Structures are given as C-alpha cells and as structure tokens.
Amino acid sequence: MEDLVFFYPEGQEAHYLEGHPESPERLFVILQALKQSGWWEAYPHLPPLEPPRSVLGQVHDREYLGYLRKACQHHYPLDEDTYTTPESYGLALQAAGGSMAVAQAVWSGAARRGYALPRPPGHHAAHSAGMGFCLLNNVALAAEFLIQERGARRLAIVDLDLHHGNGTQDIFWQREDVFFISVHQSPLYPGTGSLDETGAGAGHRKTANFPLPPGSGDQAYRAVMGELILPLLDGYQPQMILVSLGFDAHWMDPLGHLRLSAGVYGELAAGLAEWSDRWCEGRLMLLQEGGYVPETLAAGAQGCTAALLGQPWNDPIGPSPRPEGISWRPVVQAARQFWNLNSQELDEIPSTG
Ligand SMILES: [Zn+2]
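Scope of this entry: the structure provided in the associated data block. (Residues numbered from 1 in each chain as written. Predicted model: local features only at pLDDT ≥ 70, side-chain atom pairs only at ≥ 80, totals over all residues. Heavy atoms only, no water.)

## Concerning the coordination of the zinc ion
- Taken together, Asp 161 (OD), His 163 (ND1) and Asp 248 (OD) make up the full set of protein donors to the zinc ion, lying 1.9 to 2.1 Å away.
- Each donor residue of the zinc ion lies on the same chain, and together they follow the pattern D-x1-H-x84-D. One end of the pair, His 163, is in the loop between β3 (155-159) and α7 (166-171); the other, Asp 248, is in the loop between β6 (240-245) and α9 (262-279), and 85 residues separate them in sequence.
- Looking at Asp 248, the relative accessible area reads 1%, which means it is buried. (Donors = N, O, S within 2.8 Å, 3.2 Å for Na, K, Ca; no water. Helix = DSSP H or I, 4+ residues; strand = E, 2+ residues; numbered from the N terminus. Buried < 20%, exposed > 50% of the residue type's maximum accessible area, 1.4 Å probe, protein only.)

## Topic: the packing of aromatic side chains
- By the definition in use, this model includes nine aromatic pairs.
- An angle of 85° between the planes, with centres 5.9 Å apart, marks the rings of Phe 133 and Tyr 292 as edge-to-face. Highlighted residues: Phe 133 in the loop between β2 (111-116) and α6 (138-150) and Tyr 292 in the loop between β7 (284-288) and α10 (294-309), separated in sequence by 159 residues. Each member of the pair Phe 133 and Tyr 292 is classed as buried.
- Every member of this aromatic cluster is reached through a ring pair, and the members are Phe 6, Tyr 8, Trp 40 and Tyr 115.
- Positioned over the ring face of Trp 339 is Arg 205, at 4.4 Å from the centre of the ring.
- Across from the ring centre of Trp 107, 4.4 Å away, lies the NZ or CZ of Arg 283, which sits over that ring. (Phe/Tyr/Trp six-rings, centres within 6.5 Å; stacked < 30°, edge-to-face > 60°. Lys NZ or Arg CZ within 6 Å of the ring centre and 35° of its normal.)

## Concerning the nonpolar core
- With 65 residues, the main nonpolar core has Tyr 115, Phe 210, Tyr 221, Ile 229, Leu 233, Leu 245 and Leu 272 as its most contacted residues.
- Looking at this core element by element, the count peaks at eleven residues for helix α8 (residues 218-236).
- Discounting residues that sit within four places of it in the chain, Ile 229 has contacts with Val 158, Ile 181, Val 183, Phe 210, Val 224 and Leu 272.
- Counting 43 residues, the second-largest nonpolar core is a separate cluster that includes Phe 7, Val 59, Leu 65 and Ala 111. (Core = buried A, V, L, I, M, F, W, Y, C linked by side-chain atoms within 4.5 Å. Contact = heavy atoms within 4.5 Å.)

## Re unusual backbone geometry
- A cis amide bond links Arg 119 to the next residue, Pro 120, at an omega of 5°.
- Of note, Pro 120 is situated in the loop between β2 and α6.
- In the segment running from Tyr 189 into Pro 190, the intervening peptide bond is cis, with an omega of 0°.
- Turning to its location among the elements, Pro 190 is positioned in the loop between β4 (178-185) and β5 (207-212).

## Side note on helix α1 (residues 25-36)
- Helix length check: α1 (twelve residues) gives 16 Å between terminal C-alpha atoms against 16 Å at 1.5 Å per residue, within 8%.
- For α1, the complete set of buried residues consists of Arg 26, Leu 27, Val 29, Ile 30, Leu 31, Ala 33 and Leu 34.
- On its buried side, α1 packs onto β1 (2-7), α2 (39-42), β2, β7 and α10.
- Positioned one or two residues after α1, Gly 38 has a phi angle of 85°, which is positive. (Expected span 1.5 Å × (residues − 1).)

## Let's talk about the environment of Ile 317
- Within the secondary structure layout, Ile 317 lies in the loop between α10 and α11 (328-338).
- The spatial distance from the C-alpha of Ile 317 to the C-alpha of Ser 261 is 7.7 Å, given a sequence separation of 56 residues.
- Sequence-distant contacts of Ile 317, that is, excluding residues within four places in its chain, are made with His 250, Trp 251, Met 252, Glu 295, Thr 296 and Ala 299.

## Points about the sheet that holds β1
- Taken in spatial order, the seven strands line up as β1-β2-β7-β6-β3-β4-β5 in an open sheet, and their pairing is parallel. What marks the edges here is a single partner per strand, and that holds for β1 and β5. Sheet twist, expressed as the average angle between the axes of neighbouring strands with direction ignored, equals 15°.
- As paired elements, β1 and β2 share five bridges and run parallel to each other. The residue of β2 that forms the bridge with Val 5 is Gly 114. (Pairing = 2+ DSSP bridges. Axes fitted to C-alpha atoms, helices over the stretch in contact; angles between N-to-C directions.)

## Side note on the pattern of salt bridges
- Counted by the stated rule, this structure contains eight salt bridges.
- Glu 22 is the partner of Arg 26 in a salt bridge, and the nearest nitrogen-oxygen pair spans 2.7 Å. Exposure class is identical for Arg 26 and Glu 22. Each is buried.
- For Glu 227, the salt bridge goes to Arg 336, with nearest N and O atoms at 3.0 Å. A residue pair is termed long-range when its members are at least 10 positions apart, and Glu 227 in helix α8 and Arg 336 in helix α11 qualify at 109 residues.
- Each of Glu 22, Arg 26 and Arg 119 takes part in a single network of salt bridges with overlapping partners. (Salt bridge = Lys/Arg side-chain N within 4 Å of Asp/Glu carboxyl O.)

## Concerning the packing of α9 against α10
- With their axes 8 Å apart at the nearest point, α9 and α10 run at an angle of 25° to one another. Considered as vectors, α9 and α10 are oriented roughly parallel to each other. With respect to the hand of their crossing, α9 and α10 are arranged in right-handed fashion. Between α9 and α10, the contacting residues are Ala 262, Tyr 265, Gly 266, Ala 269, Ala 270 and Ala 273 on the first element and Ala 299, Gly 300, Gly 303, Cys 304 and Ala 307 on the second.
- Along the lines of polarity and charge, the residues of the contact of α9 with α10 split into eight nonpolar, three polar and no charged. (Parallel < 35°, antiparallel > 145°, perpendicular 65-115°, else oblique. Left-handed = near helix turned anticlockwise from the far one by under 90°. Nonpolar A, V, L, I, M, F, W, Y, C, P; charged D, E, K, R; others polar.)

In structure tokens, the structure reads:
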C-alpha cells in the first residue's frame, strides 16, 4: 500500500482568463511546494480515469452537460465569475477523472491517503448549473463514482473552503449515502449554508452547515472540528472521508474575512486523518478547491500533506496578527444544540483551576 497518491491535471494552464483570481498559477505554486518538500517525487501521481457516463449523468443534468460543452467551445462564461475556454470542458472531465482515480486508490486500499489537485475547481457546481469558478463538481463525481462503481454505501464530504459548498449540497440534498458537512464564512458568496439547511427526504439531517461570522479563526475552526464535525462523523460512521479543501479561509486571503492559519489547516487535516485511522481504515482524500494567495496555497498544501502522512510541520506564515473575534462562540453552541451534541464531558469543563 502506498502512503499517499496525488493527481495533477496536465495541461490545466489552458483554462485561463487574464486577471482572474482562479488561475493556473495556483496549482503551479502547490506543485512547487510539494516538490520542494520532497513529497511530489516520493509518491505516485495517478492518471485520470474516464468518468463513466452514468456517474456524470447522475451528478449533473444531461442538459447542463450539453450546455457546458457548447459554452466552452464558444468561450462563453457561465456567469460573471465563471469563464470557460475551448479546452475547459476536456479539462473539467480530466479534473473529475483525476479525482475519481485518487478516490478509487484510497477506497481500494492501494493507497492510504490521497490528494487530488483538480482544476477547474468544483464545489459550487450544482446539479444543473456551473457557477463560482466551478464547471463540474469534482468531489461529488468522485463520491458518486465510489457509490455506483465500487459499492460504497456511506461517504462523508467535509468542505473546509471559505465558501459554502452549495453545489455539493444541492447534488446530495436528498441522499442518505453521502453526509455533506460544510464550515464556511457567512455572510458571503454564494449566500447559502445556514444552520437549518439539513437536507430533505431520505437526506434529512444528512447535510450539516456551520456558518462562521467574519473574524473567526483558529479557535473557531478547532471548536467546529472537535465539537461538531468529528462527533457527527462518529454518529454517521462513513466508510471514507472526502475533503473539499480550500485555502481561502486563510487570514491572508483577500476573498474572505476568516483568520485561519496554515498551521490549523494542518491540524484539521490531522484530526480527520486520526478519525479515519480509527474508524475507516485510514480512508481519507483531499481535493483542492479555492485559495488565491501563493504563500498560503504553498503552506496550506504542505501542512495538509504532512498531516496526511502523520509528519511534523512548522507553519512558516504563522497566525493572523489581528486578534480572533469571539462572536463564533454562540454560533458553535447553537450548532451543538441543534445537532444534539451537548455531551456531558464538554458541559462539565471546570470553571476554575
Ligand atoms: Zn472558496
């Protein structure tokens, strides 16, 4: 068994728009950082699978797929934020196929962990519409591939991007075989992801949203992971965890106002790695979503890869120089109540000594 496998999308630089923050440079920086740390040469890079039509057609509306193909041919943007190029459709399929290849390796036990770098990113792409820089939903396609093609029955998607993963939520809204959990800044684009959005039908309470107010940072994320996400995973017992990993919650990123450090990104990944070692044979994969500052992409990727491998790592950037706000505390408390996670040990923390 390999300790780790990667996917990197060859030719991704053809998906490009001058001046747009979702640039090929983002992945060049991550690749460089992984090479500098020696990890890129030490572990295999998988070629993409060909996404099965049945999986594509389940996750995305066939009409949308036809529209997307045409939009790319003609360079039409999907919305004011979401550009396409003639190569974008093929690259989006490649990104999905690469995510599937890593998911399959981790699922089958060929690799313990995986880190896919799909581009274009995916988590805003809904069943019948691309948006927010995203064309096809890579994490949803990887999860659906494991369910349809490999017999998975219970998967968890944990979305750590700054923004709510509205597309992933939409795709699995009525599904009980995928538990979607997102922590994100609110208010912020795309405007969804409130605490009371929890799925419907068979998917009732199989969607969990933890919106954090601007100014939240390392302590807020530690609380969300320890008091909310890990206990929810305890209850659901997924067979594998897929992480939508965006580094735009980092305090240096201009797209949001959260104050997360790269070091705590690593802690979050380590927490999920420990959980997966204990409960699902270590099956954990990361898929890159957002993140728009070169230094934080490099540091975040290194910190999270170290966590996947159980290796120590020092954050060269450090925590935000601005103090973290405290308005997240009642939000986390309300979420614990909402999800019935008020365990005795947490309530009985001594107030003195
Ligand atoms: Zn984002």
